Amino acid sequence: MELLKHFKKKLVLVFITALFLFLVFTVKTPSTYNSIPKPSGPPSACSMRISEQTIMPLNNTKHLLVSAYMDQRVKDFDIRIIGIFRRDSIQPLHCFFCCTDNFGFPFVTTDVMCQIPQNCNATHVTLLTTPDKESPSTDQWLPIRNKDTVGQKEENMQFDFTVCISNLFGDYNNVLQFAQTLEMYKLLGVNRVVIYNTSCGPELNRLLQSYSDEGFVEMVPWPIDKHLNPSRGWLHSEHGGDLHYFGQLTTLNECIYRSMERSRYVLLNDIDEIIMPYQHDDLMSLMNTLQNQHPNAGVFLIENHIFPKKHFEPSGRFHLPQWNGVPGINILEHIYREDPARNVYHPHKMIVRPRMVEWTSVHEVIKNFGERYKVPLDVCRIIHVRVALQGSLTLEQLNVDKRLWDFQENLIPNVDKVLKRVGMLNLT
């Protein structure tokens, strides 16, 4: 019965975006332009209030704008606006650009759909519910990002690997597991972790701030609860709310586009998951092998495997006294892994080449360029220490998996170092 219930929930997840009051989508419409008015006066003619917020309410609507990116894979260099839009709204939306010519004089175009008009070096964009002949100086503008990707080679990017963690909310305070996870990702070759933060517990906030100060974690404020009543779960019939799981689909897609100019690969997974190679020492070795075998693939599906937190490794060798009192789970103590039930839907997470993804959901890419490849379990799988998914399984029915222990020699002192830095290491 438990497996049947889980299967039904996962089937509903496939259709989840169609069930909610709010829908995440990309504005993309055919191009229709009015004439471009002559610039009037100094550069202040295109006066702007540039949004410094992660979430920007659109005037006179219930829509929320998040970011704007130039999608240079699309004909005519369309602008992709990521946001949260009222599903039942009947108001038409019009793209409105702020442009500069080659000499720096600003001019505006009116009633522009989301294609850049000729002779417009677009720098910012906003949306209007009605066409306007004047510059919408009372509206806030989104800067257009990803304008420099043409001709940029993947191997020359700033980062090899970025991890996108979609949402932190409530009083989540699993400090020890998160410190271990971040340090594990460092050992695997991750360069940047992007976290969309609504709220978290005080100790975890202190840890994240430390990682942010060193440049490893990029904290993106995500005050979605100031604008909507977000759901705390993924199933609307059970959790209610206006928006799926604190806007998880919005943040995942925003992170892909945020990473498009700077990261060769993006890992899409939750805060308590580690995408772990089993035949390679690090992620780059893994991806070099996979990419050589599947050169046209841009999406690599990694199967999720549960390590129930109720079962502990019996020797206690990693029950370390210096971690006593640190909130959270010690993942080194959990070596027993469930075999996924193959008769029900089993979710994956992903490693993607961001330039080959147009839009994603949580467990599957919705639209992409190139091929998708499901990575074999003996090559790579997700280590996910959490509540058991198949709670009826006995210890004898689980697999012993000590892959994390292969890294313990470097992992433990690195975790000690960061906990000491934030004043949480037990030195007594």
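Remember, predicted model here, so these are calculated numbers, not experimental data. (Residues numbered from 1 in each chain as written. Predicted model: local features only at pLDDT ≥ 70, side-chain atom pairs only at ≥ 80, totals over all residues. Heavy atoms only, no water.)

A. Representation of the pairing of strand β4 (residues 64-70). Across the 7 residues of β4, 7 count as buried, placing the element largely inside the fold. Inspection of the sheet shows strand β3 (residues 56-57) paired to β4 by 2 bridges, in the antiparallel sense. Bridging across to β4, M56 finds its partner in L65. Following β3, the chain reverses through 6 residues before pairing antiparallel with β4; N60 in that reversal takes a positive phi of roughly 65 degrees. Relative to strand β9 (residues 140-145), β4 runs parallel, the two being bridged by 2 bridges. What sits directly across from Y69, in β9, is R145. (Buried < 20%, exposed > 50% of the residue type's maximum accessible area, 1.4 Å probe, protein only. Helix = DSSP H or I, 4+ residues; strand = E, 2+ residues; numbered from the N terminus. Pairing = 2+ DSSP bridges.)

B. Main features of the environment of Y172. Along the chain, the position of Y172 falls in the loop between β10 (159-168) and α2 (175-188). Considering only alpha carbons, one finds Y172 and L204, 32 residues apart in sequence, at a separation of 7.7 Å. In this structure, Y172 is in contact with C200, G201, L204, I271 and D272, ignoring residues within four places of it in sequence. (Contact = heavy atoms within 4.5 Å.)

C. Highlighting the side chain of E338. Here E338 is to be found in the loop between β16 (336-337) and β17 (348-352). In this structure, E338 is buried with no salt-bridge partner, the nearest side chain bearing the opposite charge being R386 at 7.2 Å. Here L389 takes part through its backbone nitrogen, which lies 3.0 Å from a polar atom of the side chain of E338. Only 3.1 Å separates the side chain of E338 from the backbone nitrogen of Q390, close enough to count as a polar contact. Excluding its chain neighbours within four sequence positions, the residues that come into contact with E338 are H305, I306, P308, A388, L389, Q390, L393, L398 and N399. (Lys, Arg positive; Asp, Glu negative; His and termini not counted. Salt bridge = Lys/Arg side-chain N within 4 Å of Asp/Glu carboxyl O. Polar contact = N/O pair within 3.5 Å; in protein donor to acceptor, adjacent residues only side chain to side chain.)

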